[in-house]
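Results of the structural survey
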Amino acid sequence: MAIRIARLGDPGSAEAPFSFRQGARVAWKRWDGKPDAEFAGVIVDGICEYVPGGGAYRDRYVVQRPDGLHFGAGALDLVEL
């Protein structure tokens, strides 16, 4: 099967195995598993590469901090608040 790429909010993205949705409050996960208060905010964008029907996938996100700055992170780097 072919790899598909979906972007959060696009039509048909409901099929993609995103770990987080737009508007979810998240923070960078520190080495000890606790949320990093300096790098916390709301997910504003994301992309997921996946194979329909299961298997490995990769999802990455853009997070907007309260001060308006953005940072990128993978799903394994984030923890939901």
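Shown above is the structure to which this text applies.
These lines cover the structure that appears in this document, whether it is placed above or below. Each chain has its residues counted from 1, following the order in which its sequence is written. pLDDT decides what is reported in this predicted model: residues at 70 or higher carry local features, side-chain atom pairs at 80 or more are listed and counted, and totals for whole chains, interfaces and linings draw on all residues regardless. Working from all heavy atoms in the structure, the side-chain values ignore hydrogens and water.

1. Re the side chain of serine 13
- Note on conventions: DSSP H or I runs of at least 4 residues are helices, E runs of at least 2 residues are strands, and numbering of each starts at the N terminus. Position of serine 13 among the secondary structure elements: in the loop between strand S1 (4-7) and strand S2 (25-29).
- Relative accessible area decides the class of each residue, using a 1.4 Å probe on protein chains only: under 20% of the type maximum gives buried, over 50% gives exposed, and in between gives partly exposed. A relative accessible area of 8% places serine 13 in the buried class.
- Only heavy atoms matter for contacts: two residues are in contact if any of them lie within 4.5 Å across the pair. If sequence neighbours within four positions are ignored, serine 13 has contacts with Ala6, Arg7, Leu8, Phe18 and Arg21.

2. So, the nonpolar core
- In these notes, a set of buried Ala, Val, Leu, Ile, Met, Phe, Trp, Tyr and Cys residues joined through side-chain atoms within 4.5 Å is what counts as a nonpolar core. Ranked by size, the top nonpolar core spans 16 residues in total, and within it Phe18, Phe20, Val26, Ile43, Tyr61 and Leu78 carry the most contacts.
- Residue assignment for this core shows that the elements contributing at least two residues are strand S3 (35-50), strand S4 (57-64) and strand S5 (70-74).
- The biggest single contributor to this core is S3, with 3 residues.
- If sequence neighbours within four positions are ignored, leucine 78 has contacts with Phe20, Val26, Ala27, Trp28, Lys29, Tyr61, Val63, Phe71 and Ala73.

Taken by themselves, the reported measurements are silent on function.
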